[in-house]
Amino acid sequence: MNIAVLLRAVPDPVEELELDGADLDRDFLGYVLNEFDDHALEEGLLLKEETGGSVTVYALGMADEVEQMLHTAIAKGADAGKKLGDDLDPVDAHGQAAVFVEALGEGNYDLVLSGVQASDEIDGQVAMLVAAGLGLPHVSVVVGTTPGDGSVRVTKEYWAGITADYDVALPAVLGIQTAREAPRYVAVARIRQAQESGALEDVDIDQPDNMSGVTITDMRLPDEGEGAEMIEGDEEAAADKVLELLQAAGVR
Amino acid sequence: MSNDVLVFVEHLNGEVTDATYELLATARKLAGQTGGSVTAAVIGTGAASLAGGLGGADQILVADTDALGAFNPQGHAEMFASLVTSRQPRVTLVPYTSVGMDVGNHVAAATSQPLVSYCLKVDAGDALTATCQLYSGKVEADVRVDGDTAVFAMLAGAAPADGGRSGGAGAVETIDATVPDLAVSFVGIAEPEAGDVDITAEDILVAIGRGIESEDNIEEAQELADALGAALAASRPIIDQGWLPKTRQVGKSGLAVKPKVYLALGISGAPEHLEGMRDSSVIIAVNSDPQAPIFGVAHYGWAGDLFDFIPELTDRLEG
């Protein structure tokens with residue numbers, strides 16, 4: 001099975017965000033691989049191990065961290081990587097999807113995988129927009145796959161742990177929420193090897209346009225501690241207060 | 001284009017979901033702004049029997065067919081898209097759920113309309129505008145849509161479900177239920193297995209999130225839970241890493257819990273998580289980021305390092 005996995009760099013979810021007008025202040029913002037894309041990669045690697053074939057990873061060069069992200073994917077077992085553009089400004093999900101659709105065009109993939117969502121996708125989900133662009137069937141919120149003959153059986157999570165299975169004729173696009181197994185770790189030495197392997201290709205593209213027809217006019221951070229009564233002081237003061245609260249709630 | 005608001009009716013096992021009633025509540029407000037009516041489209045197994053419960057709509061379009069199983073990502077999306085094409089509503093609403101994600105993206109792409117995700121609020125005045133949650137709820141954004149029509153994917157809790165249970169004319173129209181050729185076929189549905197601990201039945205939950213950083217640190221949180229006589233629960237990233245079983249997951253794709261005390265440690269408070277725990281009697285949150293959305297729903301909060309906090313509280317409970 002020949003598989004493409006689309007990777008996105010997103011603002012590090014553990015970082016505090018600062019704003020600059022109607023956008024994030026991106027000057028000192030750290031980016032990480034979208035966690036759902038990490039699961040998409042894992043599911044792709046598992047499928048390749050089961051069926052043979054290849055995994056090719058794609059990412060837009062919208063952050064400095066993208067190259068390392070692609071090398072890490074190669075070190076984990078992807079056969080090739082393509083970095084689309086360099087030093088690009090952020091572009092909306094529709095614009096990203098259009099770039100991926102063009103890049104995937106000649107790949108002849110059986111399956112295109114990406115994370116089911118990313119935290120910045122205000123105008124729709126890239127995986128499904130790519131499916132629409134390629135005219136392929138898609139299923140989102142996938143939590144496992146089993147390869148079949150000309151098809152793949154996918155498990156989709158509805159909610160509250162309820163799942164449903166589908167048979168999906170190939171080629172197809174899947175939005176992965178969780179891989180069957182936790183994403184694998186890879187040693188730094190292997191990433192260094194990947195850097196020297198020549199498996200990553202830089203593809204020159206122009207700055208893509210936003211294509212969603214959705215314009216952000218304002219951004220706000222939620223008020224600090226809105227709702228919560230904030231406990232002042234150090235961890236000892238916090239523990240004292242929480243103990244009091246537990247007693248007041250009748251559970252101590 | 002009409003001035004109408006079209007709602008995708010999400011249903012499972014013969015029941016319309018609360019997410020749908022929330023959409024209908026939003027739709028009623030929007031129809032008041034556009035001067036149009038609210039149309040609900042219910043497609044699939046048992047659709048005809050569900051129409052009676054959709055009194056929040058003025059018009060209910062029913063495409064009853066057993067050929068789609070519980071839900072078919074392609075079949076439902078294509079059939080709903082053809083309704084959007086033929087009825088030309090000003091506003092189309094889908095839930096931001098597993099089902100709504102398949103439908104909304106396809107419909108927007110197939111009808112060349114803008115799609116707005118993660119919506120908390122929509123307005124249909126002169127222009128279509130919305131307020132959305134981005135970056136796992138850390139940022140609120142106002143958006144404006146180019147053009148006269150759009151699809152909005154609404155977050156859970158954006159409007160009260162009770163506001164969408166009545167108030168419409170409720171006229172039922174049976175429509176063509178021909179199912180297109182499908183590359184996706186429904187096989188079957190599975191309910192979750194019971195776990196070792198039922199977190200929905202616990203009085204106290206110690207819930208951990210991404211802030212716990214590594215699997216090795218879970219033991220420390222477990223010690224605190226033991227000292228408290230509490231069960232250990234977690235947000236989705238912890239479960240996806242395989243650090244705790246799925247039965248311990250709180251939130252949209254896990255379980256909804258209402259303990260007497262919910263102690264959230266290192267949980268930022270993504271909307272999907274808040275959906276599963278916001279009804280807890282007392283919510284206490286510890287997070288290093290003072291702007292974490294968890295503090296928006298918590299009753300008490302401490303902004304600091306959970307690895308400083310956990311041993312302090314464990315000592316007091318054991319001492």
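Residues numbered from 1 in each chain as written. Chains lettered and ligands numbered in written order. Predicted model: local features only at pLDDT ≥ 70, side-chain atom pairs only at ≥ 80, totals over all residues. Heavy atoms only, no water.

1. So, the domain arrangement of chain A
You can read the domains of chain A as domain 1 (2-203) and domain 2 (222-252). Its C-alpha centre places domain 1 of chain A at a distance of 40 Å from the equivalent point of domain 2 of chain A. (Domains from an automatic or database assignment.)

2. Examining the packing of helix 2 (residues 66-76) of chain A against helix 5 (residues 188-197) of chain A
Residue and element names in this part refer to chain A. Contact pair helix 2 / helix 5: the axes reach a minimum separation of 8 Å and the direction vectors enclose 105°. Considering the angle they form, helix 2 stands roughly perpendicular to helix 5. Where helix 2 abuts helix 5, its residues Gln 68, His 71, Thr 72, Ile 74 and Ala 75 lie against Arg 190, Ile 191, Ala 194, Gln 195 and Ser 197. (Axes fitted to C-alpha atoms, helices over the stretch in contact; angles between N-to-C directions. Helix = DSSP H or I, 4+ residues; strand = E, 2+ residues; numbered from the N terminus. Parallel < 35°, antiparallel > 145°, perpendicular 65-115°, else oblique. Contact = heavy atoms within 4.5 Å.)

3. A closer look at the packing of aromatic side chains
Scanning the entire structure with this criterion turns up seven aromatic pairs over all chains. Both rings, one in A:Tyr158 and one in B:Phe71, keep their centres 6.4 Å apart while their planes meet at 80°; by these two values the pair is edge-to-face. Of this pair, A:Tyr158 sits in strand 10 (residues 151-159) while B:Phe71 sits in the loop between strand 5 (59-64) and helix 3 (73-87), each in a different chain. Looking at A:Tyr158, the relative accessible area reads 4%, which means it is buried. Measuring from ring centre to ring centre gives 5.7 Å for A:Tyr166 and B:Phe186, while their planes differ by 70°; the resulting arrangement is edge-to-face. Taken together, the positions of A:Tyr166 in strand 11 (residues 162-169) and B:Phe186 in strand 12 (residues 184-190) put the pair across two chains. Classification of A:Tyr166 by relative accessible area gives buried; the value is 0%. Every member of this aromatic cluster is reached through a ring pair, and the members are A:Tyr158, A:Trp159 and B:Phe71. (Phe/Tyr/Trp six-rings, centres within 6.5 Å; stacked < 30°, edge-to-face > 60°. Buried < 20%, exposed > 50% of the residue type's maximum accessible area, 1.4 Å probe, protein only.)

4. Quick word on the layout of surface pockets
Of the volumes computed, that of the second largest pocket is approximately 1,300 Å³. For the second largest pocket, the lining is made up of 50 residues, of which B:Ala156, B:Gly157, B:Leu274, B:Glu275 and B:Arg278 are closest to its centre. Sorting the residues of the lining of the second largest pocket by element identifies strand 10 of chain A together with strand 3 (15-16), helix 1 (18-34), helix 7 (271-277) and helix 8 (294-297) of chain B as the ones contributing at least two each. Its residues assigned to classes, the lining of the second largest pocket comprises 25 nonpolar, 12 polar and 13 charged. (1 Å grid on protein atoms, 1.4 Å probe; cavity = no way out; pocket = protein on both sides within 12 Å on 5 of 7 lines; lining within 4 Å. Points joined across faces, edges and corners; volume = space filled by probe spheres on them. Nonpolar A, V, L, I, M, F, W, Y, C, P; charged D, E, K, R; others polar.)

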